[in-house]
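# Coordinates in review
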Amino acid sequence: DVMYDLFKQNLNNFVDFKNQSGDFGLLTMHRAENTVKNILKKRINQIKKIDFPVIFPIHPRTKQKLYDYDIKLPNNIMTIPPVGWFELMGIVKKSKFVITDSGGLQKEALWNERFCFTIRNETEWIEILDLGANILVNSDKDINLNLIENINFSNPYGNGDASKKIIKIIDD
C-alpha cells in the first residue's frame, strides 16, 4: 500500500501535538452525509454522550453547517483550526482513539495503533473492521469507548515497500 509507504517514511516528521488537557480523542467530520441538519445533531450528541475530551480540527463545511443550523458543541468537544497531514498525524499519535468519517484516517489510525470509530454506514477498509481495530457507527448507535482495549493492530497493508515493488514491475 503506497499510503503506508508514505506514512512509514514520514514517522519522524509528524508534528508533536502539545495538549494541556491530558487524555483525549480525535474527531474529524466533514462528509456531506454527516453535515445535514438531523444527522449532524445526532453525531454531535453521540460525541457528547462519551463524556471524554475530544479535539476537533474543524472542517470549514462542518463549521458553516453548525452555524447555519445553530448547533452548539458540547463542552467535551474542543475545536481547533484545520491542520495539515503532519500535524494531524501528531494528534492521532497522542490521542486515545479516533472518530472520523474520513477514508484515509481509518488506516492512519491503525498504523498509529489507535482504535477508530468510523461515523459512516460503510467503509472502504473492511480489513480494519475484520481486525477489530475499527467499527462502523451509524447515527443511531452510541460510541462505546470500552472497545478501545486489547486491539489487534497488525497491518494488512504490506510492509512499506509497495512503491519500490511498483517501480520494479514498471522497469522490468
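The notes below deal with the structure included here. Since we're looking at a predicted model, the values are computed, not measured.

## Structural notes on the environment of Cys116
With respect to the helices, strands and loops of the structure, Cys116 is situated in strand β5 (residues 115-118). Between the alpha carbons of Cys116 and Asp70 there is a distance of 28 Å; along the sequence they are 46 residues apart. Aside from chain neighbours lying at most four places away, what touches Cys116 is Val98, Thr100, Gln106, Ala109, Ala133, Asn134 and Ile135.

## Overview of the nonpolar core
Within the largest apolar cluster, 41 residues are counted, with the highest numbers of intra-cluster contacts made by Leu27, Ile47, Ile50 and Ile99. When contributions to this core are tallied by element, the ones reaching two or more residues are α1 (2-9), β1 (25-28), α2 (37-49), β2 (54-57), α4 (85-94), β4 (97-100), α5 (104-111) and β5. In this structure Ile47 touches Leu27, Val54, Asn76, Ile77, Ile99 and Ile143, once residues within four positions along its chain are discounted.

## So, the packing of α1 against α5
Between α1 and α5, whose axes approach to 11 Å, the crossing angle comes to 50°. The angle between the axes of α1 and α5 places the two elements in the oblique class. Considering how the two elements wind past one another, α1 and α5 form a crossing that is right-handed. Two secondary-structure elements touch here, α1 through Met3, Tyr4 and Phe7 and α5 through Gly104, Lys107, Glu108 and Trp111. Split by residue class, the contact of α1 with α5 holds 4 nonpolar, 1 polar and 2 charged.

## Quick notes on α4
The set of residues buried in α4 consists of Leu88, Met89, Gly90, Ile91 and Val92. The inward-facing, buried residues of α4 abut α1, β1, β2, β3 (77-80), β4 and α5.

## Overview of the packing of aromatic side chains
Following the criterion strictly, the structure yields 12 aromatic pairs and no others. Where Tyr4 meets Phe7, the ring centres are 6.3 Å apart and the plane angle is 20°; that geometry is what we call stacked. Linking Tyr4 with Phe7, this pair stays in helix α1, spanning 3 residues, or about one helical turn. When sorted by exposure, Tyr4 lands in the same class as Phe7, which is buried. For the pair Phe97 and Phe117, a centre-to-centre distance of 5.9 Å together with 90° between the ring planes defines the contact as edge-to-face. Within this pair, whereas Phe97 is found in strand β4, its partner Phe117 is found in strand β5, the two being separated by 20 residues in sequence. Like Phe97, the residue Phe117 is buried in the burial classification. An aromatic cluster is defined as three or more aromatic residues linked by ring pairs; in this entry it consists of Tyr4, Phe7, Phe14, Trp85, Phe86, Trp111, Trp125 and Tyr157. We note Lys107 situated over the ring of Trp125; from NZ or CZ to the ring centre the distance is 3.8 Å. Above the face of the Tyr157 ring, Lys107 is positioned so that its terminal group lies 4.6 Å from the ring centre.

Rules used throughout
Residues numbered from 1 in each chain as written. Predicted model: local features only at pLDDT ≥ 70, side-chain atom pairs only at ≥ 80, totals over all residues. Heavy atoms only, no water. Helix = DSSP H or I, 4+ residues; strand = E, 2+ residues; numbered from the N terminus. Contact = heavy atoms within 4.5 Å. Core = buried A, V, L, I, M, F, W, Y, C linked by side-chain atoms within 4.5 Å. Buried < 20%, exposed > 50% of the residue type's maximum accessible area, 1.4 Å probe, protein only. Axes fitted to C-alpha atoms, helices over the stretch in contact; angles between N-to-C directions. Parallel < 35°, antiparallel > 145°, perpendicular 65-115°, else oblique. Left-handed = near helix turned anticlockwise from the far one by under 90°. Nonpolar A, V, L, I, M, F, W, Y, C, P; charged D, E, K, R; others polar. Phe/Tyr/Trp six-rings, centres within 6.5 Å; stacked < 30°, edge-to-face > 60°. Lys NZ or Arg CZ within 6 Å of the ring centre and 35° of its normal.

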